Amino acid sequence: MVIKGPTAEHSGTVIQDFASRAKLAVQNLVQKVGFLGILACASIPNPLFDLAGITCGHFLVPFWTFFGATLIGKAIIKMHIQKLFVIITFSKHIVEQMVSLIGIVPSIGPSLQKPFQEYLEAQRKKLHHKTEAGTPQSENWLSWAFEKLVIVMVIYFVLSIINSMAQSYAKRVQQKKLSVEKTK
């Protein structure tokens, strides 16, 4: 639904759908609040962080501002939120309460409860199975190859960053030399 009116931005229209309102909200957040706005978008598990990144690129937010807010938001705040969620959600006590609640459902509850209990017990035995001490687990060749591929990709990424920084430095030095020569 498009409504024309005097309160509209740029084109004279106000778009009322959720996606457009979310885009405008993220744009205003990043534009007005800056670092703390990026930190908020990075800290909360949501799909709007991609939009915040695009907005930061559009408004030429400095790299270190964006990177710092993203690092703190994702590595510290969001990680702890998700860790607590998983620990609380999958604790033995809460899972057992959820299975017991399935049994309360009229007519089909008890018949559904038993397969859930059996499945959870099988998973518990499988995940808590202790291997013999001293015998290493056999490693799958595919996981070994994937691990090496990831290592090579990370090394390539680090080298490309170093190369880019070196090229940038060389360009600045060359521009400085040219400006000194022009002033002579």
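Every value quoted in this text rests on a predicted model; they were computed, and no experiment measured them.

Scanning the protein chain from terminus to terminus reveals seven helices and two strands. Along the protein chain, helices (α) and strands (β) appear in the sequence β-β-α-α-α-α-α-α-α when read from the amino end. The buried share of the protein chain, taken over its 184 residues, is 13%. Looking at the protein chain as shown, the accessible area adds up to about 15,200 Å², and 69% of this sits on carbon and sulfur atoms.

Its boundaries defined by the atoms lining it, the second largest pocket holds a volume of some 240 Å³. Along its surface, the second largest pocket is lined by F90, S91, K92, V95, Y119, L120, Q123, R124, L127 and H128. Looking at the lining of the second largest pocket, the elements with two or more residues in it are α5 (92–102) and α6 (109–127). Among the elements that line the lining of the second largest pocket, the one with the most residues is α6, at five residues. The residue inventory of the lining of the second largest pocket, partitioned by class, reads five nonpolar, three polar and two charged.

For the rest of this paragraph, the subject is the packing of aromatic side chains. Scanning all chains against the criterion turns up three aromatic pairs. Considering the side-chain rings of F63 and F67, the 5.5 Å spacing of their centres and the 15 degrees angle between planes classify their relative orientation as stacked. Of this pair, F63 and F67 both sit in helix α4 (residues 63–89), four residues apart, which is roughly one turn of the helix. The interplanar angle of 85 degrees and the centroid separation of 5.7 Å between the aromatic rings of W64 and F67 together place this pair among those described as edge-to-face. Here the residue W64 and the residue F67 both occupy positions in helix α4, the gap between them amounting to three residues, near one helical turn.

Attention shifts here to the UniProt feature "transmembrane region" (unreviewed entry) in the protein chain. The residues that UniProt annotates with the feature "transmembrane region" (unreviewed entry) are residues 29–45, 51–72, 84–105 and 141–162. Along residues 51–72, the helical share is 82% and the strand share 0%, with 18 Å between the first and last C-alpha atoms.

A word on unusual backbone geometry. Keep in mind that most residues, glycine aside, have a negative phi and that most peptide bonds are trans. For L60, which is not a glycine, the phi torsion comes out positive at approximately 50 degrees. Position of L60 among the secondary structure elements: in the loop between α3 (48–58) and α4. L60 sits in the exposed class, given a relative accessible area of 72%. Located in the positive-phi region is S107, a residue other than glycine, with phi close to 65 degrees. Here S107 is to be found in the loop between α5 and α6.

About the thresholds
Residues numbered from 1 in each chain as written. Predicted model: local features only at pLDDT ≥ 70, side-chain atom pairs only at ≥ 80, totals over all residues. Heavy atoms only, no water. Helix = DSSP H or I, 4+ residues; strand = E, 2+ residues; numbered from the N terminus. Buried < 20%, exposed > 50% of the residue type's maximum accessible area, 1.4 Å probe, protein only. Areas by Shrake-Rupley, 256 points an atom, 1.4 Å probe, with all protein chains shown as cover. 1 Å grid on protein atoms, 1.4 Å probe; cavity = no way out; pocket = protein on both sides within 12 Å on 5 of 7 lines; lining within 4 Å. Points joined across faces, edges and corners; volume = space filled by probe spheres on them. Nonpolar A, V, L, I, M, F, W, Y, C, P; charged D, E, K, R; others polar. Phe/Tyr/Trp six-rings, centres within 6.5 Å; stacked < 30°, edge-to-face > 60°. UniProt positions renumbered as here; feature names shortened; annotations may be inferred.

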